[in-house]
Amino acid sequence: MRIDIVSIFPEMFEAVKCCGSVRRAIECGVLDLRLWDPRDSTNDNYRRVDDRPYGGGPGMVMLAKPLTKTLQRLRKDGAQGRVIHLTPQGARLDQGRIRDLAALSGLVLLTGRYEGIDERLIEQEVDEEISIGDYVLAGGELPAMVLVEGLVRYLPGVLGNDASVMAESFSEGLLDWPHYTRPEQFSGRAVPSVLLGGNHEAIRRWRLQQALGRTWERRPDLMERLVLNEEQHELLASYQREQIDEEILS
Ligand code: ADE
């Protein structure tokens, strides 16, 4: 997958390029990540990429021209695919959207700073707007990194175990179950005994029960969207009974 990112702070992306799954994806050749600084597409001595907003008010607005030129340059370099603008005005990112975008061969991520980008550039060039949540950051760089890190997990060979993408939180609309590693006792707390017994079916049912229980407790919005099968109903009901018993005892 090729991802071209337009940002006035290309150095910020060293943070994801240098380590972890993004680095692995680049090294094994499944990700080609290229950065484009709009300042390199300016002609003035100040390398200006922003100006005051028409109509007045605080802050600055990113100029359309350096961004158009940057997009022309990256397309000339072979970049293809949807142009995604990271902005709090976009549709909220979720696992399903990440999975669908990961199936594409290329993406262009456009990140803004200041008060935003001249609307005419957005109308002309942008295919989709994405927000990573209902809060405002100083720019689209961190949201772009969030998206890239979410995407690379779907690229072949990036995760040690491909099955773990599937098994994990949200892939099935559920939160993840709790995880444990050595030692068996830590600070007076034991690893749940089912995980030590080697009974794979019992472990599968316990994990599913925990995932259902956590989702029910923590994310009623996700729970509402789920259609549970018979086994899931039964496991959730037993989780709920256990919670009630614990409450009575405490
Ligand atoms: N730019 C600033 N805040 C943002 C957010 N929450 N999502 C995407 N882009 C942004």
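Residues numbered from 1 in each chain as written. Predicted model: local features only at pLDDT ≥ 70, side-chain atom pairs only at ≥ 80, totals over all residues. Heavy atoms only, no water.

**Some remarks on the domain arrangement of the protein**
Here is the rule we go by: The domain boundaries here were taken from an automatic or database domain assignment.
Per the domain assignment, the segments making up the protein are domain 1 (2-161) and domain 2 (169-249). Once you take the C-alpha centre of each, domain 1 and domain 2 turn out to be 37 Å apart.

**A few points about the sheet that holds strand β1 (residues 2-6)**
For clarity, the cut-off: When DSSP finds at least two bridges between two strands, those strands are taken to pair. Under the DSSP-based scheme used, a helix requires at least four consecutive residues in state H or I and a strand at least two consecutive residues in state E, with every element numbered from the N terminus. Every axis in this analysis is a line fitted to C-alpha atoms, fitted for helices over the stretch in contact. Angles between the N-to-C directions lie between 0 and 180 degrees.
With parallel pairing, the five strands of this open sheet are ordered in space as β2-β1-β6-β5-β7. Each edge of the open sheet is held by one strand with a lone partner, namely β2 (32-36) and β7 (128-131). Direction aside, neighbouring strands of the sheet carry axes that sit 30° apart on average. As paired strands, β1 and strand β6 (residues 106-111) are joined by five bridges and run parallel to one another. Of the residues in β6, the one forming a bridge with R2 is G106.

**Quick look at the state of the cysteines**
So the rule is basically this: Any two cysteine sulfur atoms lying within 2.5 Å of each other are counted as a disulfide. Note on exposure labels: buried denotes an accessible area under 20% of the residue type's maximum, exposed denotes more than 50%, and partly exposed covers the range between, all computed with a 1.4 Å probe on protein chains only.
For the structure on display, the rule yields one disulfide. Two residues, C18 and C19, share a disulfide whose sulfurs are 2.4 Å apart. Among the residues examined, C19 registers a relative accessible area of 40% and is labelled partly exposed. Left unpaired, C28 is separated from the closest cysteine sulfur, that of C19, by 16 Å. Of the residues examined, C28 reaches a relative accessible area of 42% and is grouped as partly exposed.

**Concerning the pairing of β1**
Among the five residues in β1, five count as buried, and that is most of the element. A two-sided burial pattern is seen for β1, the buried positions comprising R2, D4 and V6 on one face and I3 and I5 on the other. Summarising the sheet, β1 and β2 pair through five bridges and their orientation is parallel. Residue pairing in the sheet places I5 in a bridge with L35 of β2.

**Quick look at the packing of aromatic side chains**
Each pair of aromatic rings is reported with the distance of its centres and the angle of its planes. Selection criterion: Classification of ring pairs uses Phe, Tyr and Trp, with its six-membered ring standing for Trp, and accepts pairs whose centres are within 6.5 Å; under 30 degrees between planes counts as stacked, over 60 as edge-to-face, and the remaining range as tilted.
Within this structure, the stated rule accounts for one aromatic pair. Ring centres of W216 and Y239 lie 6.4 Å apart, and the angle between their planes is 85°; on these two criteria the pair is classed as edge-to-face. Of this pair, W216 sits in helix α8 (residues 200-218) while Y239 sits in helix α10 (residues 230-249), and the two are 23 residues apart along the sequence. The partly exposed category is assigned to W216, whose relative accessible area is 34%. Owing to a relative accessible area of 6%, Y239 belongs among the buried residues under this scheme.

**Describing the packing of helix α2 (residues 20-27) against helix α6 (residues 141-152)**
To keep it simple, the criterion reads: Our angle categories are set so that under 35 degrees counts as roughly parallel, over 145 as roughly antiparallel, 65 to 115 as roughly perpendicular, and the remainder as oblique. Left-handed describes a crossing whose near helix is turned anticlockwise from the far helix through less than a right angle; right-handed describes the clockwise counterpart. By the convention used here, residues are in contact when the closest approach between their heavy atoms is within 4.5 Å. Amino acid classes used here: Ala, Val, Leu, Ile, Met, Phe, Trp, Tyr, Cys and Pro are nonpolar; Asp, Glu, Lys and Arg are charged; the rest, including Gly, are polar.
α6 packs onto α2 with a crossing angle of 60° between their chain directions and a minimal axis gap of 9 Å. Taken together, the axes of α2 and α6 lie oblique to each other. Regarding α2 and α6, the two cross each other, and that crossing is left-handed. Residues S21, V22 and A25 of α2 pack against V148, E149 and V152 of α6. Across the contact of α2 with α6, the residue classes break down as four nonpolar, one polar and one charged.

**As for unusual backbone geometry**
Note that the residue after R182, namely P183, is joined by a cis bond; omega there is 5°. When you line up the elements, P183 lands in the loop between α7 (163-167) and β8 (185-186). Phi is positive for S187, close to 55°, though the residue is something other than glycine. Residue position: S187 is located in the loop between β8 and β9 (189-190). By relative accessible area, S187 is classed as exposed at 63%.

**A look at the nonpolar core**
Formally: For this analysis, a nonpolar core means a set of buried residues of the types Ala, Val, Leu, Ile, Met, Phe, Trp, Tyr and Cys, connected via side-chain atoms within 4.5 Å.
By size, the foremost hydrophobic cluster in this structure holds 27 residues, and its most contacted members are I3, L31, L109, V148, L151 and V152. Those elements that provide at least two residues to this core are β1, α2, β5 (82-92), α4 (95-102), β6 and α6. The greatest single-element share of this core, amounting to six residues, is contributed by α6. Ignoring sequence-local partners within four residues, the contact set of L109 consists of I3, D4, I5, V6, I84, L86, A144, L147 and V148.

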